[in-house]
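# A structural walkthrough
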Amino acid sequence: MSTEPETTGETGAETPRAEAAPEEAVAAPGAEGSAAGGSAEEGSSGEGSAAKASAAEGSAGETSEGAGSAGEASEGAGSEGDAAQLSEAEAELAAQRIERERIERRKAEKAAPIEAGTKLSGTAAELLAAVRAVESGAKPAATVFAEPEPPRRAAPEPVRRERPVAAEAPAAPPAEAVAGVGQVLAEGGAPAGLAAQVAAVLGEGAAEQLRADPWQLLRVGGVRPEQADGFARALLGAECGPDDERRGRALTVWLLEQAAVAGHTALELPTLTAALGRQGVPDAEAAVQSALAEGEALAFQDGLDETSESDGEADEEAEEERPVRVLVGLERYALAEESLADGLGRLVNSVPKQDGSAQSWEEAAAAAGGSAGELIRAVAGHALVLHTGGAASLAEPAALLRAAQGLGLRAWAAAHTPLGRGSFAKLLGADSPRVATVAGLLTGAEGPGRDGDGALDLDLLVVLDAPQLDVEAAALLAESLPDGARLVLSGDPGVLWSAGPGRVFADLLAARICPQIASRQPDPGPLGELVSGIGIGELNQVEAPGKEIVIVPVRDAGEAVHRTVQLVADSVPRAIGVPPEETQVITPGHGGAAGTRALNAALKERLNPGPGRFGGFDPGDRIAYSPAPGRTIPGHVVKADADGLHLSCAGEPVVVPKDQVDRTVRHGWALTAHQAAGARWPAAVVVLPGDATAALSRPWVYTAFSRAERHLSVVHGVEGALPRAVAEVPAKPRTTRLTELLTPQVAARSE
């Protein structure tokens, strides 16, 4: 332990201090808000939340705390084609489209609409009436369960490749369509550079659609309401007004999309109408009803509280008085959430295949011992099991996989990132470990492939980093499991929720529909002690005799950038022995004076200077590749040529076409916490500039600090905001329906 005096966050932010290597600045986090490492809300930079990001920024996978991506890529990619020419992203999109079509067909198989809402009145009743009018055909709807009804699991097997390649650009819209849209944009004073995006989003007849409804411009990512209003005024002249029905409808859809960016799968009606009012919509309720009538949104009603058991007239009276909430959401996320609930219900109420005798399972559990044994016993008798714990607890699902494979099960694990996949494969210690990424499993690029019915060809699937599952990915997984299979969702409930909409793991833990095994294996050492305390809301003082935790106080963002570069390039390699390429910088967001852009620029200048001839990149640059919004894969640049930018991501070659580079590749020395989730590095440097105060929360701090395996440096400039955030700021709430949708599954299981 260093003999230097303890450095607290309060003193560090005010007192000038010379640069110090880790051995010169070791300090234990104080219980009173002393400099215990820190972090800040993902994507909550000074430039604003992800909902305010520009189109170019948003497409590169920027996320925010509780925000994340705006969802998966578009659903229009085809599933046919030669395997050698299909790209990773195209295969993923094709698999998603296949699953969504299956979801729609299953909903269409229902004999009649669910009778609900008979106790409602006023606006709620009108909204439900509007939905039923669409369903009955009394009002037109663009997409409301209109597909034919082929048998379940009739989808073809997604294309598989041994080695992924970069996503190629989707088919560009015809030149004449882009030209037509460009002409309309020019008439409205909008940038001509949006023409290709508008044509791709609106599809056939894009120019005519845009001319008839200028607010359709809001469907392009990054376009703000005030920009769409200006475009509409220039195009329509005197006909344009704030009470235009087209404007209200478009803003309703836009607000629901922004809610999905913030993690919600739906919004409560009062919340939505209040947001519309803030956007200057005179009749917010009429705007919502218009969106429902056109099939651009769906309405739901859920009971808020369970009444106590009673019988006879008392029970009927309780049902009459039961409060409900009316929710409005986009069809895409509504169907995914309902499909997920159906799939999980199928698992919970099914009997897993009898692979191995009860005695064999018990012998495997006894051999594993502890909470690993408990996990094996739970999986032996249940098709769905939840497992919680930190990094050290990964030994328990590893023991489960080894036991299952010993019993003859086709057992696989799926991690959130390639780095997580590699770490777990090492933990398994197998010559050919059955570990994939979730995205690779769903696209068929990794994993066991699919059987003749389109289901994953396996008996047991263990999903690691389960809190990172958004509702769409989770629905695809649930729908892909064959009958009789077992599913284990394993993860640390203290980390940030998914970048996409939903809070699947947290909702399942709250629903309590299946066994939950909590690991009793704590993360070791000072870092484990620090992170464990943060998880329960305490920023404890931790002794770090081996320089596992270092606090570097700073006064402003400029000093934060300077000290971060010094730590990565000099101090950590010299004092800790971790080279720069194995040290990850984590900061609150992309913008600001100490965001990822500023830090990456400074780190590139120090660690790999060059002219950046190919879109700002040079061979050797560390990068963050985002093949789809919300997915980030760290790697480095190999070379650039006529084919595009050649990357190496987790040892796998990726080629990014020239026109995709600016949207999918960023420098990656510094990441946000959401981008870093699901991976760990030997050393992490967490940067907390003074403007990060509003971004801090317990999940963000927990996630950022727990990315370090051996050493954590905290560039600390937020003073007392850090302990307050850990103690008082929980995860931002998300509005979801999964828990309510799972309630019938609980009843069925109890019966």
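About the thresholds
Residues numbered from 1 in each chain as written. Predicted model: local features only at pLDDT ≥ 70, side-chain atom pairs only at ≥ 80, totals over all residues. Heavy atoms only, no water. Helix = DSSP H or I, 4+ residues; strand = E, 2+ residues; numbered from the N terminus. Contact = heavy atoms within 4.5 Å. Pairing = 2+ DSSP bridges. Axes fitted to C-alpha atoms, helices over the stretch in contact; angles between N-to-C directions. Buried < 20%, exposed > 50% of the residue type's maximum accessible area, 1.4 Å probe, protein only. Salt bridge = Lys/Arg side-chain N within 4 Å of Asp/Glu carboxyl O. Phe/Tyr/Trp six-rings, centres within 6.5 Å; stacked < 30°, edge-to-face > 60°. Lys NZ or Arg CZ within 6 Å of the ring centre and 35° of its normal. Parallel < 35°, antiparallel > 145°, perpendicular 65-115°, else oblique. Left-handed = near helix turned anticlockwise from the far one by under 90°. Nonpolar A, V, L, I, M, F, W, Y, C, P; charged D, E, K, R; others polar. pLDDT = per-residue confidence, 0-100. Polar contact = N/O pair within 3.5 Å; in protein donor to acceptor, adjacent residues only side chain to side chain. Right-handed = clockwise from strand over helix to strand, strands pointing away.

Now for the overall build of the protein chain. If you tally the helices and strands in the protein chain, you get 28 helices and 19 strands. Looking at the protein chain alone, contacts between residues at least 24 apart form 75% of all its contacts between residues at least 6 apart.

Spatially, 5 strands are ordered β10-β19-β18-β11-β17 in an open sheet, and the strand pairing comes out parallel. Each end of this open sheet is capped by a strand with a single partner; those strands are β10 (549-553) and β17 (670-671). Packed on one face of the sheet, helix α21 (residues 525-535) meets β10 and β19 (708-716) and runs near 60° to β19.

Right, let's talk about the environment of Thr388 for a bit. In this structure, Thr388 sits in strand β4 (residues 384-388). Take Thr388: its relative accessible area is 15%, and that puts it in the buried class. Setting aside chain neighbours within four positions, we find Thr388 in contact with Gly491, Pro493, Phe505, Leu509, Ile517, Ala518 and Ser519.

For α21, the full list of buried residues reads Pro526, Leu527, Gly528, Leu530, Val531, Gly533 and Ile534. Looking at the buried positions of α21, the neighbouring elements they touch are β10, α26 (698-705), β19 and α27 (721-728). A positive phi of about 85° marks Gly537, the residue just after α21.

The next subject is the sheet that holds strand β15 (residues 652-656). Think of a sheet as strands paired side by side through backbone hydrogen bonds, with each pair either parallel or antiparallel. Spatially, β15-β14-β13-β12-β16 is the arrangement adopted by the 5 strands of the open sheet, whose pairing is antiparallel. The open sheet terminates on both sides in strands that have one partner only, identified here as β15 and β16 (665-667). Between one strand axis and the next, the sheet turns by 40° as a mean value, whatever way the strands run. When strand β12 (residues 622-625) meets strand β13 (residues 633-641), the two strands line up antiparallel, connected through 4 bridges.

Further remarks concern the pattern of salt bridges. Scanning the entire structure with this criterion turns up 26 salt bridges. When the shortest N-O distance is used, the salt bridge between Arg421 and Glu652 registers 3.5 Å. Here Arg421, found in helix α17 (residues 418-428), pairs with Glu652, found in strand β15; they are 231 residues apart in sequence, far enough to count as distant. The same class applies to Arg421 and to Glu652, which are both buried. Residue Asp618 pairs with Lys604 through a salt bridge whose shortest N-O separation is 2.8 Å.

Bringing the packing of aromatic side chains into the picture now. This model, assessed by the stated rule, comprises 0 aromatic pairs. For Arg737, the ring lying beneath its charged end belongs to Phe300, and the centroid distance is 3.9 Å.

Here we come to the pairing of strand β14 (residues 644-649). Within β14, 6 of the 6 residues are buried, which leaves the element mostly enclosed by the surrounding structure. Sheet topology places β13 next to β14; 5 bridges connect them, and they run antiparallel. Looking at the pairing, Ala640 lines up with Leu645 of β14. The hairpin formed by β13 and β14 contains 2 residues between the paired strands.

So, on to helix α11 (residues 284-293). In terms of residue burial, α11 counts as a mostly covered element, since 7 of its 10 residues are buried. Considered for burial, the residues of α11 that qualify are Ala284, Ala287, Val288, Ser290, Ala291, Leu292 and Ala293. Phi turns positive one or two residues past the end of α11, at Gly295, with a value near 75°.

Let us now look at the side chain of Arg737. The topology assignment puts Arg737 in the loop between α27 and α28 (738-750). Since its relative accessible area comes to 6%, Arg737 is described here as buried. Beyond its immediate chain neighbours, meaning those up to four positions away, Arg737 contacts Thr265, Phe300, Asp302, Leu327, Glu337 and Glu338.

Take the packing of helix α16 (residues 395-406) against α17 next. In contact at an axis separation of 9 Å, α16 and α17 are set at 60° when each is read in the N-to-C sense. Taken together, the axes of α16 and α17 are oblique relative to one another. Considering only the axes of α16 and α17, their crossing is right-handed. For the pair α16 and α17, contact is made by Ala395, Pro397, Ala398, Leu401 and Arg402 and by Phe424, Leu427 and Leu428, respectively. A per-class count over the contact of α16 with α17 returns 7 nonpolar, no polar and 1 charged.

Our focus in this paragraph is unusual backbone geometry. Note on backbone geometry: most residues besides glycine have negative phi, and most peptide bonds are trans. If you check the backbone angles, Ala650 has positive phi at about 55° while not being a glycine. Along the chain, Ala650 falls in the loop between β14 and β15. You can call Ala650 partly exposed: its relative accessible area is 36%. Phi angles above zero are rare outside glycine, and Glu719 is one such case at about 50°. Structurally, Glu719 can be placed in the loop between β19 and α27. Classification of Glu719 by relative accessible area gives partly exposed; the value is 33%.

On to the confidence of the model for the protein chain. Confidence in the prediction of the protein chain, expressed as mean pLDDT, is 81, and 74% of residues score 70 or more. A low-confidence stretch, residues 1-85 (pLDDT under 50), is modelled with 271 contacts involving residues beyond four sequence positions or located in other chains.

Further remarks concern the side chain of Arg486. Position of Arg486 relative to the elements: it lies in strand β8 (residues 486-491). Looking at Arg486, its side chain comes within polar contact range of the main-chain oxygen of Val379, at 2.7 Å. Arg486 has contacts with Pro352, Lys353, Asp355, Trp361, Val379, Ala380, His382, Ala383, Leu409, Asp459, Leu460 and Leu461, leaving out every residue within four places of it along the chain.

Bringing the pairing of β19 into the picture now. The element β19 is largely enclosed, with a buried count of 7 among its 9 residues. Bridge count between β10 and β19: 5 bridges; the pairing is parallel. Looking at the pairing, Val550 lines up with Ser713 of β19. Pairing geometry for strand β18 (residues 681-688) and β19, over 7 bridges, is parallel. Residue pairing in the sheet places Val686 in a bridge with Val714 of β19. With respect to chirality, the unit in which β18 leads through α26 into the neighbouring parallel β19 is right-handed.

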